[in-house]
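Report on the structure
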Amino acid sequence: LTRRKVVQWGIAYSVGAWGFLQGLEYVSDAFDWPEQLRQVAILALLVGLPVVLVIAWYHGDRGQQRVSGTELAIISLLFLIGGGIFWRYDRASEPVVTRAPESATPAAGTGVVPAVTAAGPSIAVLPFVNMSADEENEYFSDGISEELLNVLVRVEGLGVASRTSSFAYKGSKLGALAIARELKVGHILEGSVRKSGNRVRITAQLIDAEQDRHLWSATYDRELTDIFAIQDEIANAIVTALRSEIGTAGTVASVSVRADTANLEAYELYLKARELFIARKDLPESVRLFERVVELDPQFARGWEGLAAVCGIIESWGIRDRDYTARAREAANRALQLDASLSMPWAVLGMT
């Protein structure tokens, strides 16, 4: 193998392939190329290794280290076939976008976003920006956004974009109008949260994406004695703006935010535990936090619901240091005893 230079070619090819993949990763990140490109490149390089070794053995036997024109043509053909497969796969994975007819064509170079067409009042709640000095408070700002989304979902006649869709734009540089167009909603709710000690400042603004104007904005400076009251204020201010601006009186009614727990520490831990569960990050810590939540407030139904949810899936992630299935059933049943309207506990019971 050494005499025919198979070993040398194998080492050289491996080093070259590794360097190529490192460069490709850097360029892909810089130009935001699709992940499939790197996958195809890795597969092509793996397939190419035995080809290179065979060619090295053949030419080593002849005492040459040159590739003939025929062999070069075969290698080029393989690359063309691989590129064609990647192109076809990439095209097939692109979503088909159907554009609605535009009543007017924006002037060239103005950067005007086409108006959003939404059937009835609709809204997307974007993740509120964490303005706190402590980056770990991001779970709190995300939690406030999701709580408002869950409240607005209960408003009859109001279409609300899902959490998955809205939170996909977290940290996005797209403007509100572009996001509204992609989510096919008429309104955007965005804001920020600054938490310091026992005080919180929440800024929220409602944007009419069709008319490109602010309908409402407000800043709430409060002590963290009743976070649910702040959510109630914001939600009802949004409903009022929608009712007065779009003429949906009688369709969009006022809402009420239910205080699920009076224990602020339990609620903050609940938000943190839920964020870990949703991100599927450090699930044992999520379990520990949820157990602390229900210890602080045994009547907190959503705390039991969250504990049931994370215990219901943690074993599928290879974590089996205790009987999580039994704990999931216990927590689900306790959650339903406290609030029979919850849906997640039923899903956990059906799954376990």
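Since the model is a prediction, treat every value here as computed from it, not as a measurement.

Scanning the chain from N- to C-terminus turns up 12 helices and 6 strands. Within the chain, buried positions represent 40% of all 352 residues. Considering only contacts within the chain whose residues lie at least 6 apart along the sequence, 60% involve residues at least 24 apart. Of the roughly 20,100 Å² of accessible surface on the chain, a fraction of 56% belongs to carbon and sulfur atoms.

The end-to-end C-alpha separation of helix α8 (residues 264-279) is 23 Å, in line with the 22 Å expected for 16 residues at 1.5 Å each. Every buried residue of α8 is accounted for by L264, A266, Y267, E268, L269, Y270, L271, A273, R274, L276 and F277. For α8, the capping residue at the N-terminal end is N263, with a side-chain oxygen 3.1 Å from the backbone nitrogen of E265. Two residues or fewer past α8, R280 is found with a positive phi of approximately 55°.

Let us look at the confidence of the model for the chain. Taken as a whole, the chain shows an average pLDDT of 76; of its residues, 74% reach a score of 70 or greater. In the predicted structure, residues 92-117 sits below a pLDDT of 50 and forms 16 contacts with residues beyond four places in sequence or in another chain.

With that settled, consider the nonpolar core. Of all hydrophobic cores here, the largest spans 65 residues; its most connected members are F140, L189, I202, W216, I227, I234 and I238. Here the element with the most residues in this core is helix α7 (residues 227-246); it accounts for 10 residues. With residues near it in sequence (within four places) discarded, I238 still touches I123, L152, L189, L206 and W216. Counting residues in each nonpolar core, the second largest holds 13 residues, with Y169, A176, I179 and A180 among its members.

Using the criterion set out here, one finds 13 salt bridges in the structure. One salt bridge in this structure joins K170 and D142, with 2.6 Å as the shortest N-O distance. Placement of K170 in the loop between α5 (163-167) and α6 (176-183) and of D142 in helix α4 (residues 138-153) is noted, with a sequence separation of 28 residues between them. Overall, the relative accessible area of 37% leaves K170 in the partly exposed class. Its salt-bridge partner being D221, residue R201 comes within 2.7 Å of it at the nearest N-O pair. Pair noted here: R201 is in strand β5 (residues 199-208) and D221 is in strand β6 (residues 213-223), with a separation of 20 residues, a long-range link. According to the relative accessible area criterion, D221 is partly exposed, its value standing at 35%.

Another point: unusual backbone geometry. One non-glycine residue with positive phi stands out, namely R280, at about 55°. Relative to the elements of secondary structure, R280 occurs in the loop between α8 and α9 (283-296). On the basis of relative accessibility, which here comes to 34%, the residue R280 falls in the partly exposed class. Unlike most non-glycine residues, D282 shows phi in positive territory, near 50°. Along the chain, D282 turns up in the loop between α8 and α9.

Moving on to the side chain of E268. Considering the arrangement of structural elements, one finds E268 in helix α8. Residues contacting E268, with those up to four places away along its chain left out, are Y139, F140, K195 and L224.

Taken together, the side chains of V7, I11 and V15 present a nonpolar region at the surface, about 270 Å² in accessible area. Among the secondary structure elements, V15 is positioned in helix α1 (residues 6-31). The exposure class of V15 is exposed, given its relative accessible area of 55%.

Taken as a whole and judged by the stated rule, the model has 3 aromatic pairs. Between Y267 and Y270, the aromatic rings sit 6.3 Å apart at their centres with planes inclined by 25°, giving stacked as the arrangement. With a gap of 3 residues between them, Y267 and Y270 both fall in helix α8, about one helical turn apart. Judged by its relative accessible area of 0%, Y267 falls in the buried class. By relative accessible area, Y270 is classed as buried at 3%. Look at Y270 and F300: their rings are 5.1 Å apart centre to centre, the planes differ by 55°, and that puts the pair in the tilted class. Here the residue Y270 occupies a position in helix α8, and F300 occupies one in the loop between α9 and α10 (301-313), the gap between them amounting to 30 residues. Feature note: the residues Y267, Y270, F290 and F300 constitute an aromatic cluster, connected by ring pairs. Seen from the ring of F167, R163 lies directly overhead, with NZ or CZ sitting 4.1 Å from the centre. Over the face of the ring belonging to F277 we find R280, whose NZ or CZ atom lies 4.5 Å from the ring centre.

All right, on to helix α11 (residues 324-338) then. The end-to-end C-alpha distance of α11, which contains 15 residues, comes to 21 Å, matching closely the 21 Å that a straight helix rising 1.5 Å per residue would cover. Of the positions making up α11, those classed as buried are Y324, R327, A328, A331, A332, A335 and L336. Seen from one end, α11 has its buried residues packed into an arc of 165°, which puts them on one side. Taken together, the buried residues of α11 touch α9, α10 and α12 (344-351). In this structure D323 caps α11, since a side-chain oxygen of it lies 3.4 Å from the backbone nitrogen of T325.

Conventions and cut-offs
Along each chain, the written sequence defines residue order, and numbers are assigned to residues from 1. Only residues with pLDDT of at least 70 get local features here, since the model is predicted, and only at 80 or more are side-chain atom pairs given and counted; chain-wide, interface and lining totals rely on the full set of residues. The basis for every side-chain value is the complete set of non-hydrogen atoms in the structure, without hydrogens or water. Helix numbers and strand numbers start at the N terminus; a helix is a DSSP run of H or I with at least 4 residues, a strand a run of E with at least 2. Remark: exposure states derive from per-residue accessible area (1.4 Å probe, protein chains only) relative to the maximum for the residue type, with buried under 20%, exposed over 50%, and partly exposed in between. Here, residues are in contact when the closest pair of their heavy atoms is within 4.5 Å. Residue burial considers only the protein chains on display, and all accessible areas are found by Shrake-Rupley using a 1.4 Å probe. Helix span is expected to be 1.5 Å times the residue number reduced by one. By the criterion applied in these results, polar contacts are pairs of N or O atoms within 3.5 Å in which, for protein atoms, one can donate a hydrogen and the other can accept it, and in which residues neighboring in sequence qualify only through two side-chain atoms. The score called pLDDT rates the predictor's confidence residue by residue, from a low of 0 to a high of 100. To qualify as a nonpolar core, a set must consist of buried Ala, Val, Leu, Ile, Met, Phe, Trp, Tyr and Cys residues joined through side-chain atoms within 4.5 Å. Within this document, salt bridges are pairs made up of a side-chain nitrogen of Lys or Arg and a carboxyl oxygen of Asp or Glu, the two lying within 4 Å of each other. Put simply, a patch holds well-exposed residues, over 30% relative accessible area, that have no salt bridge, with like charges counted together within 9 Å and Val, Leu, Ile, Met, Phe, Trp or Tyr side chains within 5 Å. Centres within 6.5 Å make a pair out of two Phe, Tyr or Trp rings, where for Trp the six-membered ring is used; the pair is then stacked when the planes are under 30 degrees apart, edge-to-face when over 60, and tilted otherwise. Two conditions define a charge located above a ring, namely a distance within 6 Å from the ring centre to NZ of Lys or CZ of Arg, and an angle within 35 degrees of the ring normal. Taking the helix axis as origin, the arc is that swept by the directions to the C-beta atoms.

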